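The residues making up each chain are set out below.
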Amino acid sequence: MAERGDESLVHTLKKVAAVLKQSEIPFALGGSFAVYAHGGHSSEHDVDFLIREADVERALEALVAAGFVAQRPPEDWLVKVFDDGRMVDLIHRPIETPVTEETFADTVIRPVDAIHMPVLSATQLMVHKLLSFSQHYCDFARGLPLARSLREQIDWERVRKETQHSPYAEAFLVLLDRLEVVPAVGTQPGEGTS
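Heads up: these notes are all about the structure in this document. The structure displayed is predicted, hence computed values, not measured ones. (Residues numbered from 1 in each chain as written. Predicted model: local features only at pLDDT ≥ 70, side-chain atom pairs only at ≥ 80, totals over all residues. Heavy atoms only, no water.)

What about the pairing of strand β2 (residues 47-50)?
So, step 1. The side-chain alternation of β2 yields two buried faces, one formed by Val-47 and Phe-49 and the other by Asp-48 and Leu-50.
So, step 2. Sheet analysis places strand β1 (residues 28-30) next to β2, joined by three bridges and oriented antiparallel. Pairing of Ala-28 across the sheet is with Leu-50, part of β2.
So, step 3. Strand direction decides the pairing type here: β2 and strand β5 (residues 86-91), joined by four bridges, are parallel. Bridge pairing in β5 links Leu-50 to Ile-91. (Buried < 20%, exposed > 50% of the residue type's maximum accessible area, 1.4 Å probe, protein only. Helix = DSSP H or I, 4+ residues; strand = E, 2+ residues; numbered from the N terminus. Pairing = 2+ DSSP bridges.)

This is the structure we're talking about:
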């Protein structure tokens, strides 16, 4: 984790995970640290945890009791906690889809700086990234490192299926195909990539 450049943020991530574990609140690590946990490259410097909406109040109570400061932003799909100014997002509705037991079933236990925790699958991380693209936010440069570094772990057929309604996702997948980052539709993993 040294290359992340912010050891204090890693410490905050570990503290949040420990509190959620001790409080028996189901969670999954998402965002840039999840990409890193899968061995990928990420240029973002934030911490995202996914929790169920039904667990938001309990999570906030436990984290405030552990010394965090809670904040309820205007966005209705997450809450935030702060650890000495370091922000952690607790997201209960990423990409307008509620966090459910199925979300937690789509995780892998990975060590993150010596603490094992559930991490969103590489496939789900890619789906979330593609569905975050819109007419207001469409920065493909932020999705390319994820796609390149985790491409062997991603079920690209599932990504195509789950994002087929988004023209922005479709455009990004065409770009990945043209750059030979992912196999063309209908090829087996390992074929058609460089």
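Things to note about unusual backbone geometry
So, step 1. With phi around 60 degrees, Glu-96 is a residue other than glycine that occupies positive phi space.
So, step 2. Within the secondary structure layout, Glu-96 lies in the loop between β5 and α4 (101-105).
So, step 3. The phi angle at Glu-180 is positive, at roughly 60 degrees, despite the residue not being glycine.
So, step 4. If you trace the backbone, Glu-180 turns up in the segment after α8 (167-178).
So, step 5. The exposure class of Glu-180 is partly exposed, given its relative accessible area of 43%.

Examining the environment of Ala-62
So, step 1. Turning to its location among the elements, Ala-62 is positioned in helix α3 (residues 56-65).
So, step 2. On the basis of relative accessible area, Ala-62 is assigned to the buried category, the value being 18%.
So, step 3. Between the C-alpha atoms of Ala-62 and Ile-25, which are 37 residues apart in sequence, the distance is 9.7 Å.
So, step 4. Not counting residues within four places of it along the chain, the set of residues in contact with Ala-62 comprises Val-19 and Ser-23. (Contact = heavy atoms within 4.5 Å.)

A look at helix α7 (residues 156-163)
So, step 1. Where α7 is concerned, the buried positions are Trp-156, Val-159, Arg-160 and Thr-163. Along the axis of α7, the buried residues cluster in a sector spanning 100 degrees; they form a single face.
So, step 2. Looking at the buried side of α7, the elements it contacts are α5 (122-132), α6 (144-150) and α8.
So, step 3. If you check the start of α7, you find a side-chain oxygen 3.3 Å away from the backbone N of Glu-157, and it comes from Asp-155. (Arc of directions from axis to C-beta. Polar contact = N/O pair within 3.5 Å; in protein donor to acceptor, adjacent residues only side chain to side chain.)

Observations regarding the environment of Gly-143
So, step 1. Looking at the secondary structure, you find Gly-143 in the loop between α5 and α6.
So, step 2. A relative accessible area of 0% places Gly-143 in the buried class.
So, step 3. Residues Gly-143 and Leu-130, 13 residues apart in the sequence, show an inter-C-alpha distance of 7.6 Å.
So, step 4. Here Gly-143 is in contact with Met-126, Lys-129 and Phe-172, once residues within four sequence places are set aside.

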